[in-house]
Amino acid sequence: AQSVTQPDIHITVSEGASLELRCNYSYGATPYLFWYVQSPGQGLQLLLKYFSGDTLVQGIKGFEAEFKRSQSSFNLRKPSVHWSDAAEYFCAVGGNRDDKIIFGKGTRLHILP
Amino acid sequence: GAGVSQSPSNKVTEKGKDVELRCDPISGHTALYWYRQSLGQGLEFLIYFQGNSAPDKSGLPSDRFSAERTGGSVSTLTIQRTQQEDSAVYLCASSLLGTPTGELFFGEGSRLTVL
């Protein structure tokens, strides 16, 4: 069965600083990987996804993530955060097209002015 | 409707009562998920309906939880004899099976409070 680990429950960064949120997954085959964001009082929104091909994927709002098979990781990055990026971020893994999608426990991002 | 619709948005019940939560997915979406979101637990997978296949019930926490999906569309999650630890936000999501997007479209959730 697949699983996702997000080791950081909370992360605090200053506005304008760079960001990296960690995600490690476990899956027996080629994974499909996702990052979702949940802003305060909002629903979940897809930031980006990886299925195949280029291991560096670009998403919305200036986010990117890199798939590293050797490390079973799919870390999310942003070069310069904005106060509006304060939210909870969830990494998720699925398998073939019809496999269920499992989420991690999330990382809450706090932004210092 | 244009998005995933869930009802009720809020439900307060007494311990021991049964509750039903409803999800109306995006029209044409063949996959439907139920997740539970509680503080510190992230999005806990409950059940996955995948087209006409048997549902994946591996995430249901106990036999007090059940779900059905009628006609490949609307789904109902039922919790019998509710307990205080069932208090959480129950999220429904739908997607198109067999497509490479894999994007889940989430409803706003049903917040359940068990007193």
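Residues numbered from 1 in each chain as written. Chains lettered and ligands numbered in written order. Predicted model: local features only at pLDDT ≥ 70, side-chain atom pairs only at ≥ 80, totals over all residues. Heavy atoms only, no water.

(A) Highlighting the state of the cysteines. All names here are of chain A. Scanning the model with the defined rule gives two disulfides over all chains in all. Put simply, Cys 23 and Cys 91 are joined by a disulfide, and their sulfur atoms are 1.9 Å apart. Taking the torsion about the S-S bond as the criterion, the Cys 23 to Cys 91 disulfide, at about -65 degrees, is left-handed. Residue Cys 23 is located in the loop between β3 (19-21) and β4 (24-26), and its partner Cys 91 is located in strand β10 (residues 87-94); the two are separated by 68 residues in the primary sequence. (Disulfide = S-S within 2.5 Å. Helix = DSSP H or I, 4+ residues; strand = E, 2+ residues; numbered from the N terminus.)

(B) The nonpolar core, seen in detail. Membership of the largest hydrophobic core comes to 48 residues, with the highest contact counts inside it found for Trp 35, Tyr 89 and Phe 103 of chain A together with Tyr 35 of chain B. When sequence neighbours within four positions are dropped, the list of residues in contact with Phe 103 of chain A reads Val 4, Tyr 36, Phe 90, Cys 91 and Ala 92 of chain A together with Tyr 35, Leu 43, Leu 104 and Phe 106 of chain B. Listed in part, the 20 residues of the second largest apolar core include Leu 21, Cys 23, Leu 32 and Leu 60 of chain B. (Core = buried A, V, L, I, M, F, W, Y, C linked by side-chain atoms within 4.5 Å. Buried < 20%, exposed > 50% of the residue type's maximum accessible area, 1.4 Å probe, protein only. Contact = heavy atoms within 4.5 Å.)

(C) How the structure looks around the sheet that holds strand β7 (residues 75-79) of chain B. Residue and element names in this part refer to chain B. The four strands lie next to each other as β1-β3-β7-β6, forming an open sheet whose pairing is antiparallel. Every other strand in the sheet has two partners, leaving β1 (5-7) and β6 (65-69) as the edge strands with one partner each. Between one strand axis and the next, the sheet turns through 15 degrees on average, direction left out of account. Here β6 pairs with β7 via five bridges, running antiparallel. Residue Glu 68 lies in a different strand from β7, and its bridge partner there is Thr 76. (Pairing = 2+ DSSP bridges. Axes fitted to C-alpha atoms, helices over the stretch in contact; angles between N-to-C directions.)

(D) Inspection of the environment of Ser 9 of chain B at higher detail. Residues and elements named next belong to chain B. When you line up the elements, Ser 9 lands in the loop between β1 and β2 (10-13). With 81 residues separating them along the chain, Ser 9 and Tyr 90 place their C-alpha atoms 9.5 Å apart. Beyond its immediate sequence surroundings of up to four residues, Ser 9 is in contact with Gly 109, Ser 110 and Arg 111.

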